[in-house]
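Structural description and commentary
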Amino acid sequence: MSALVLRNADLPLADWLADLAVDALIDEADLSPKPALVDRRGSGAHSDLHLGLMHASALSLWPCFKQMAEAALEHGEVGQPLREALGRIGREGEAAMLSITGGVNTHRGAIWALGLLVAALALKPASRAAHAIALRAARIALIDDRAAPLNDSHGAQVARRYGARGAREEAQLGFPTVIEQGLPQLARSRAAGAGEQNARLDALLAIMTTLADTCVLWRAGLEGLAAMQQGARAVLDAGGSASLAGRRQLRALDARLLQLNASPGGAADLLAACLFLDKAGSL
């Protein structure tokens, strides 16, 4: 039975979806050992982040996700009014997040990805297949937000410099890295008996094998991206994170990315999206 059916009938849909999004962010943060990312072991390649801050950031976004779900329920369809409502709510949520983190960008990419998915699921809560939710999210993402300020984030700069697909384009294409890499690997690893934490690590690694992670490109350029993609593939080829050989490759990948100061934050955001869709009963 799906998580959607199992949800507390007394809990409003918007509250439940906000819970689901925050849970996905906390589950992603807690997952260990993630290469060069904040986890239960430490701060990875981030001198300004720690696990407690990631938790506080995730919890600060609950009102944002609830309001996004409520906006979808109010507007009832994909269109300009919904897109601009989500943009406004997202910017307000980002400001609230930054006030909690002291100005540190913890979850800007996750607000975009999970916000779209929350709204997409709220529009049609009975239609919960992962690809269907992702395609509804893509339809929203393809609409221009006329009130959005000029975007010159690190991700946008890197996307221009390297011709990489940023978070905006990933969403507009229907989250192909999640749908084609993350979720299938999560299912394969579970079926192979890997255990839930290892299955989630394998899903993260599968995302890393193909993603042109703009966080890595910003910090370490093409060398860092190649190290991430090839290292993640080596872990999976060795048997995944549940195998001894795979664990050795995972330690090597962690060491190399730390050496390069390359943190795959984009992959982490997409893992949270992957866990959201999975928890929603979409796998």
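Below or above, wherever it landed, is the structure these notes cover. (Residues numbered from 1 in each chain as written. Predicted model: local features only at pLDDT ≥ 70, side-chain atom pairs only at ≥ 80, totals over all residues. Heavy atoms only, no water.)

**Quick look at the overall build of the protein chain**
What counts here: Where helices and strands are cited, they refer to DSSP runs of H or I of at least four residues and of E of at least two residues respectively, numbered from the N terminus. Atoms considered for the radius of gyration are the C-alpha atoms alone. The globule rule reads 2.2 Å times the number of residues to the power 0.38. Relative accessibility decides the category of a residue: with a 1.4 Å probe and only protein chains considered, values under 20% of the type maximum give buried, values over 50% give exposed, and everything between is partly exposed. Residue contacts are defined here by distance: any two heavy atoms, one from each residue, within 4.5 Å place the two residues in contact.
A tally of regular secondary structure across the protein chain gives 14 helices and zero strands. The order of helices and strands in the protein chain, counted from the N terminus, is α-α-α-α-α-α-α-α-α-α-α-α-α-α. Radius of gyration (C-alpha) of the protein chain: 18 Å, near the 19 Å computed for a compact globule of 283 residues. Dimensions of the protein chain, computed from C-alpha atoms along their principal axes, come out at roughly 50 × 45 × 30 Å. Scored against the burial criterion, the 283 residues of the protein chain give a buried share of 55%. In the protein chain, once contacts between residues fewer than 6 apart in sequence are set aside, the share between residues at least 24 apart is 71%.

**With respect to the pattern of salt bridges**
We apply this condition: By convention in these notes, a salt bridge is any Lys or Arg side-chain nitrogen within 4 Å of a carboxyl oxygen on Asp or Glu.
For the coordinates displayed, the defined rule picks out 19 salt bridges. One salt bridge in this structure joins aspartate 27 and arginine 200, with 3.7 Å as the shortest N-O distance. Residue aspartate 27 is located in helix H2 (residues 13–30), and its partner arginine 200 is located in helix H11 (residues 196–210); the two are separated by 173 residues in the primary sequence. There is no split in this pair, since aspartate 27 and arginine 200 are both buried. The salt bridge involving aspartate 27 is made with lysine 279; its shortest N-O contact spans 2.5 Å. Highlighted residues: aspartate 27 in helix H2 and lysine 279 in helix H14 (residues 265–279), separated in sequence by 252 residues.

**Notes on the nonpolar core**
Nonpolar side chains tend to gather and get buried jointly when the protein is soluble and globular. This is how the line gets drawn: Take the buried Ala, Val, Leu, Ile, Met, Phe, Trp, Tyr and Cys residues and link them wherever side-chain atoms come within 4.5 Å; each set so joined is a nonpolar core.
By size, the foremost hydrophobic cluster in this structure holds 89 residues, and its most contacted members are Leu17, Phe65, Phe175, Met208 and Phe276. The greatest single-element share of this core, amounting to 12 residues, is contributed by helix H6 (residues 108–123). Ignoring any residue separated from it by four or fewer positions in sequence, one finds methionine 208 in contact with Pro35, Met228, Gln229, Ala232, Leu253, Leu257, Pro264 and Ala267. Judged by nonpolar contacts, the second largest core, of seven residues, contains Ala29, Leu49, Leu51 and Leu53.

**Description of unusual backbone geometry**
The linkage connecting serine 32 with the following residue, proline 33, adopts the cis geometry, with an omega of 0°. Relative to the helices and strands, proline 33 resides in the loop between H2 and helix H3 (51–60). Positive phi outside glycine occurs at alanine 36, with the angle close to 65°. As for its position among the elements, alanine 36 is in the loop between H2 and H3. Using a relative accessible area of 1% as the deciding quantity, one classes alanine 36 as buried. Phi at phenylalanine 175 takes a positive value of approximately 50°, unusual for a residue other than glycine. As for its position among the elements, phenylalanine 175 is in the loop between helix H9 (167–172) and helix H10 (176–191).

**Observations regarding the packing of H2 against H3**
Cut-off, in case you're wondering: Think of each axis as a best-fit line through the C-alpha atoms, taken over the contacting stretch in the case of a helix, with angles from 0 to 180 degrees between the N-to-C directions. The cut-offs work like this: below 35 degrees is roughly parallel, past 145 is roughly antiparallel, 65 to 115 is roughly perpendicular, and the gaps in between are oblique. Polar here means any residue other than Ala, Val, Leu, Ile, Met, Phe, Trp, Tyr, Cys and Pro, which are nonpolar, and Asp, Glu, Lys and Arg, which are charged; Gly is therefore polar.
Close contact between H2 and H3 brings their axes to 9 Å; oriented N to C, the two are set at 170°. Here H2 lies roughly antiparallel to H3, going by the angle between them. Contacts between H2 and H3 involve Val22, Leu25, Ile26, Ala29 and Asp30 from the former and Leu51, Met54, His55, Ala58 and Leu59 from the latter. Counted by class, the contact of H2 with H3 contains eight nonpolar, one polar and one charged residues.

**Quick word on H10**
Residue pairs spaced three or four apart in an α-helix point in one direction, given the helix's 3.6 residues per turn. Note the cut-off: One less than the number of residues in a helix, times 1.5 Å, gives the span that helix is expected to have. Note on bend: the value at a residue is the angle between axes fitted to the seven residues ending there and to the seven starting there.
Between its terminal C-alpha atoms H10 stretches 22 Å, which fits the 22 Å expected from 16 residues at 1.5 Å a residue. In the structure, H10 departs most strongly from a straight axis at glycine 182, where the bend amounts to approximately 25° and where the proline proline 184 lies between one and four residues downstream. Within H10, the full set of buried residues consists of Pro176, Thr177, Val178, Gly182, Leu183, Gln185, Leu186 and Ser189. As for H10, its buried residues are in contact with helix H7 (130–141), H9, H11, helix H12 (214–237) and H14. Glycine 193 sits one or two positions beyond H10 and adopts a positive phi of about 80°.

**Things to note about helix H4 (residues 62–75)**
Spelled out, the test is: Along the arc lie the directions from the helix axis toward the C-beta atoms.
Taking 1.5 Å per residue as the helical rise, H4 with its 14 residues ought to reach 20 Å, and the 20 Å between its terminal C-alpha atoms agrees with that figure. Among all positions of H4, only Cys64, Phe65, Met68, Ala69, Ala71 and Ala72 are buried. Relative to the axis of H4, the buried residues are bounded by an arc of 155° and lie together on one face. Elements in contact with the buried residues of H4: H2, helix H5 (80–101) and H6. With its phi angle positive at about 75°, glycine 76 sits one or two positions after the end of H4.

**As for the packing of H11 against H12**
In plain terms, the rule: Working rule for handedness: look at the near helix, and if it is turned counterclockwise from the far one by less than a right angle, call the crossing left-handed; if clockwise, right-handed.
The contact between H11 and H12 brings their axes to 7 Å, and the two run at 140°. The angle between the axes of H11 and H12 places the two elements in the oblique class. For the pair H11 and H12, the crossing hand works out as left-handed. Contact residues: Asp202, Leu205, Ala206, Met208, Thr209 and Thr210 in H11; Met228, Gln229, Ala232, Arg233, Val235 and Leu236 in H12. Grouping the constituent residues of the contact of H11 with H12 by class yields seven nonpolar, three polar and two charged.

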